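Close look at the chain arrangement
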Amino acid sequence: MAHLLNALILTTLLCFCTAHADDLKLTPAQLAKEVSEVNLILSKEHKERNLRIPQKLDEGLLLRRIFLAAAGRIPSSEEYDQWYDLGKKFKKHELVDHLIQSKAYTSQMFNWWADHLRAKSYIMGQANQIGAGFLYVDWLKSQVSENVPYDEMARLVVASEGYPWENGAVGYYLRDDGMPLENMSNTAELFLGTQLVCAQCHNHPFDKWTQMEYYQMAAHTYGMVTRMQGKTVEGIKKLAKDFKQSGAGMQMMSMSAKPDVVEKQARAFRQAVQDMLLPLQFGAMQKDRKLKLPHDYKYEDGKPHQVIQPGVIFTDNPDLKSSQSNDLVMQYAQWMTSPENPRFTKVIVNRMWKKVFGRGLVEPLSNWREDSEASIPELLDHLCGLLVRLDYDLREFQRILLHLDIFENQALDQELEPLAPYYFQAPTLQRMSAEQLWDSLLTLVVPEIDHRQFKDEADFLQTKKANLEKYRQKVEGMPTEELFNIVKEGRREIMEIQDEMNSINSQIKEAVQQDNREALNRLKKLQNEMRDKQSSALASQIMGEDFNVRSMYKNNPPKKKRQLSEEEKRYPIYLRRASEQNSPAGSDHFLREFGQSDRDLIDNSRKEASIPQVLNLLNGSLRWRLIDKHSPLAQAVMKKDNLEEKIQAIYSAMLQRMPTKEETELCLNALPFPDLPTSPVFKDSHTQKQKDQITKKAEKNKEYYLNRVHNELRHLAWALLNSREFSFIQ
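All values derive from a computational prediction rather than experimental measurement. (Residues numbered from 1 in each chain as written. Predicted model: local features only at pLDDT ≥ 70, side-chain atom pairs only at ≥ 80, totals over all residues. Heavy atoms only, no water.)

Topic: the nonpolar core
Which entries qualify depends on this criterion: What makes a nonpolar core is a set of buried Ala, Val, Leu, Ile, Met, Phe, Trp, Tyr and Cys residues whose side-chain atoms join them at distances within 4.5 Å. Here the term buried applies to any residue with accessible area under 20% of the maximum for its type, exposed to any over 50%, and partly exposed to those in between, with areas from a 1.4 Å probe on protein chains only. Helix numbering and strand numbering both begin at the N terminus, where a helix is a DSSP run of H or I of at least 4 residues and a strand a DSSP run of E of at least 2. In this analysis, two residues are considered to be in contact whenever any of their non-hydrogen atoms come within 4.5 Å of each other.
In terms of nonpolar packing, the biggest core is built from 162 residues, with W113, L140, F191, M276, W353 and L383 touching the most fellow members. At eleven residues, the largest contribution of residues to this core is made by helix α22 (residues 480-513). Residues within four places of L140 in sequence aside, it is in contact with F110, W113, A114, L117, A119 and M153. One finds I74, L441, F594 and L643 within the second-largest nonpolar core, a separate group that totals 44 residues.

Right, dumping it as structure tokens:
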């Protein structure tokens, strides 16, 4: 029976190969073979344990599940009609292959990567002033779009070096600026599934890792610093120090007898040096910095303040346990991502499995121990070998998972204990993520949501990178003495700006005391302009007035005062997919309210319901946009002629199924629909003018009727939006 089933799968996959199959790694025959082998392992497990297999999903709900898994949103009405036809066979395999090559797939995969790499648009520290976080996010989007293999991505971030505009991957270190040990702990958790943070202070109380092993691991990347220390930076700092201590410097700083003026001049001088060097200070580079044991180290295998040599865990290979390489970080990255590393491949296989099926083969995902065991060990081992054969191609790996038989089964409708083994008769029932909810809502509200591109923003970011590089080349190409003379001249301009800012601050205090909000808004705007002018004053002197200095310190293009088009009024710029928002969205945004990760910790999202979520839906603007006549949902409803078809259009657009007979009757009886207007009646005695008037009145009555109908149908749409059936993936 199993052989017959595999033959049927092979035939089906060969028939429904996608038109874009050349872009995918596996041919239909190879895909069928890989899918069949995984199906056999699962089938064997289920048979041995005598498990009941849930029924298959209805095709409309399977369509919904595939879209949510591969595209990160529900299908639009047009996509539903395109892929689901009651009179034809559902082309599941063609749909999967279509979606994983779409922009929608890239969008949802960026969300996954951003959660795990903790990619933030706004990061802590001064590197934020040159938009290092935005450059990190931009780099990550490009890698996801190019489907860079997982092992290569890991090496790119762990061994990243350079300035953030030339290699955005250095954001991985800049987002943990000044915390090298914490960065290593996050790296071990993400790529090795291991919680080492306890071993930073003492031997791990629940695992085998020792404090010594922690420091040996950390020694690999401890030399990574986030302050670029090039010849120009060091030269300027040295001249500034010598100048300050020299007679000329003291004379310049004491032109007035008042101590506060001397301090003001000194502060302006320091600010000028800092502003000139700011764009060139942040990045990632290796330095010969040795890691020592802490002062309170208490174990016999080391002494306090002892210098630690790098070493690794999980292996008995002496070539990996100690390094003679000049590039410790690259060696560390290569060891970590090696297929021979017993943990690296298992961890990402487990993460991908949970992404698709709602639960890992090993739980919890980020706390693997020596005694951790997969619920189906044979399956985990097989999938690890599969991912290695696929060269760590996560897109192709997910393609196989989405084609498995169990993906078509109705979701498990019972709650599982957190650590109890599950044998995957079907995916688990789970609530949509915040990103899936937001993007699904936008699918109902905005047409072509995957293709909303904001070219001016993308162009601005490219300009930013180009101008930062031009600035670096210009500064590094100038003699240090010439740059220092610019600093001395710039000091005067900065003092003038500081005087203006002090005056503005005084006026702000007065405006606050007088509760003059109009003046306060005006002054704060002016204050921000003066801050921008101060930060860019030195760069303007170096690059010239025609150079776009603003782009070096800003992350978005300036807002232009212009008349919005009708399209922009209907679909404002903030109605964009989660991947196109700041990473993460603001704390008061729908996404954060519904559980989007703050991206401070790895995979830190949540899916629990809350009262604030209800308030957000009640008070947010999406409620009204859902039933706006220009929304795709409203457009789909208005195309239908009678009430039953309109009700069906709402159900199919939101839940990807037809309403039952009882649901249709409930809608017709519960909602106060107006009576259907009568058709115009003409008499022989009516003149043409009278007939025209009767026709016009009938058309107005019909328009009034339809407006009333659609006004009532908004209650149905709102009810379905708030139902568990909408927010859960069945």
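Some details on α22
Worth spelling out the cut-off: Each residue after the first adds 1.5 Å to the expected span of a helix.
In this model α22 runs 48 Å from its N-terminal to its C-terminal C-alpha over 34 residues, within 8% of the 50 Å that 1.5 Å per residue would give. A positive backbone phi angle near 55 degrees is found at D515, which sits one or two residues after α22.

Some points on helix α2 (residues 28-48)
One turn of the α-helix equals 3.6 residues, which is why residues spaced by three or four share an orientation. Spanning 21 residues, α2 covers 30 Å between terminal C-alpha atoms, matching the ideal 30 Å at 1.5 Å per step. All of the buried residues along α2 are P28, L31, A32, E34, V35, S36, V38, N39, I41, L42, E45 and H46. Of the residues flanking the end of α2, it is N50, one or two places downstream, whose phi is positive at about 55 degrees.

Thoughts on empty space enclosed by the protein
Test applied: Method remark: on a 1 Å grid restricted to protein atoms, a set of points is classed as a cavity if a 1.4 Å probe fits but cannot get out and as a pocket if it is open with protein on both sides within 12 Å along at least five of seven lines; lining residues have an atom within 4 Å of a point. Grid points are joined across faces, edges and corners, and a volume is the space filled by probe spheres set on the points. Lys, Arg, Asp and Glu make up the charged group, whereas Ala, Val, Leu, Ile, Met, Phe, Trp, Tyr, Cys and Pro make up the nonpolar group; the residues left over, Gly among them, are polar.
Throughout the structure, instances matching the rule amount to five cavities of 30 Å³ or more. In this model, the largest cavity occupies a volume close to 90 Å³. If you list the elements that add at least two residues to the lining of the largest cavity, you get α6 (103-117), α7 (132-145), α8 (150-158) and α19 (394-402). Among the elements that make up the lining of the largest cavity, the one with the highest residue count is α6 (three residues). For the lining of the largest cavity, the residue count by class is eight nonpolar, two polar and one charged. Estimates place the volume of the second largest cavity at around 70 Å³. Taken together, R623, W624, L626, I627, R714, H715, A717 and W718 make up the full set of residues lining the second largest cavity. The residue inventory of the lining of the second largest cavity, partitioned by class, reads five nonpolar, one polar and two charged.

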